[in-house]
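Remarks on the overall topology
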Amino acid sequence: MSGGGWCLECGHHVESFEGLSACPACGTKALPCPDEWQVTIALNWHELRILVMWAENWQREKQLGRTVYAIARRLAAQHSELAKSSPLTMAGEIGQLAAQYDVQVTDSALRRDVAEQTGEELGLFRLPGPDEA
Ligand SMILES: [Zn+2]
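Residues numbered from 1 in each chain as written. Predicted model: local features only at pLDDT ≥ 70, side-chain atom pairs only at ≥ 80, totals over all residues.

Counting its regular elements, the chain contains five helices and three strands. Taken from N to C terminus, the helices and strands of the chain fall in the order β-β-β-α-α-α-α-α. Across the 133 residues that make up the chain, the buried fraction comes to 21%. (Helix = DSSP H or I, 4+ residues; strand = E, 2+ residues; numbered from the N terminus. Buried ≥ 20, exposed ≤ 12 C-beta atoms within 10 Å, placed from the backbone.)

Quick look at the packing of helix α1 (residues 45-62) against helix α2 (residues 67-78) now. Relative orientation of the contacting elements α1 and α2 amounts to 155°, with a least axis distance of 9 Å. Here α2 runs roughly antiparallel to α1, going by the angle between their axes. In this structure, the crossing between α1 and α2 has a hand that is left-handed. Counted together, Leu48, Val52, Ala55, Glu56 and Gln59 of α1 and Thr67, Val68, Ala72 and Leu75 of α2 form the full contact between these two elements. Residues that form the contact of α1 with α2 fall into these classes: six nonpolar, two polar and one charged. (Axes fitted to C-alpha atoms, helices over the stretch in contact; angles between N-to-C directions. Parallel < 35°, antiparallel > 145°, perpendicular 65-115°, else oblique. Left-handed = near helix turned anticlockwise from the far one by under 90°. Contact = placed C-beta atoms within 7 Å. Nonpolar A, V, L, I, M, F, W, Y, C, P; charged D, E, K, R; others polar.)

Attention now moves to the sheet that holds strand β2 (residues 13-14). The three strands are arranged β2-β1-β3 in an open sheet whose pairing can be described as antiparallel. In the strand order of this sheet, the two ends are held by β2 and β3 (33-34), each with one partner. Taken together, the two bridges between strand β1 (residues 5-6) and β3 define a ladder with antiparallel strand orientation. The residue of β3 that forms the bridge with Gly5 is Pro34. (Pairing = 2+ DSSP bridges.)

One finds Val52, Val68, Tyr69, Ala72, Ala76, Ala83 and Leu88 forming the largest nonpolar core, which totals seven residues. Counting residues per element, this core draws most heavily on α2, which supplies four residues. The residues contacting Ala72, other than those within four sequence positions of it, are Val52, Leu88 and Thr89. Listed in part, the five residues of the second largest apolar core include Ala91, Ile94, Val105 and Val114. (Core = buried A, V, L, I, M, F, W, Y, C linked by C-beta atoms within 7 Å.)

Right, let's get into helix α4 (residues 90-100). Where α4 is concerned, the buried positions are Ala91, Gly92, Ile94, Gly95, Gln96 and Ala98. Lining the buried residues of α4 we find α1 and α5 (108-118).

Attention now goes to the environment of His13. In this fold, His13 is placed in strand β2. Overall, the presence of 12 C-beta atoms within 10 Å leaves His13 in the exposed class. Through-space distance from the C-alpha of His13 to that of Pro34 is 9.6 Å; in sequence the pair is 21 residues apart. Those residues in contact with His13, other than ones at most four positions away along the chain, are Gly4 and Trp6.

Okay, here's the thing in structure tokens:
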């Protein structure tokens, strides 16, 4: 990679990777996204949802960090109206359901993911009472 690109985790762009061993903005050592690999691909939003949700599930199951969510946020920002009506992540989908119904999410990691994906804090959720804990 001779040119620049951006950080997979935080999206920070650099003009050159020369001399860098980590992202200057967030410090991740994850491989960056080189500008020359930027592509435009035609696909259906439903196909993209499936890919993202499967990757999200794998990320959560194997506790692999937040990379899929970082990617999902950048993808969703490209089609914000679609993303609002049909979130790319299961956490976003659960957050949407929680906003419509009296949904209780007791898993703290999932609550964090929902808050991150929806931009809503946990006020959406009724925390378990003392007799439900
Ligand atoms: Zn970064």
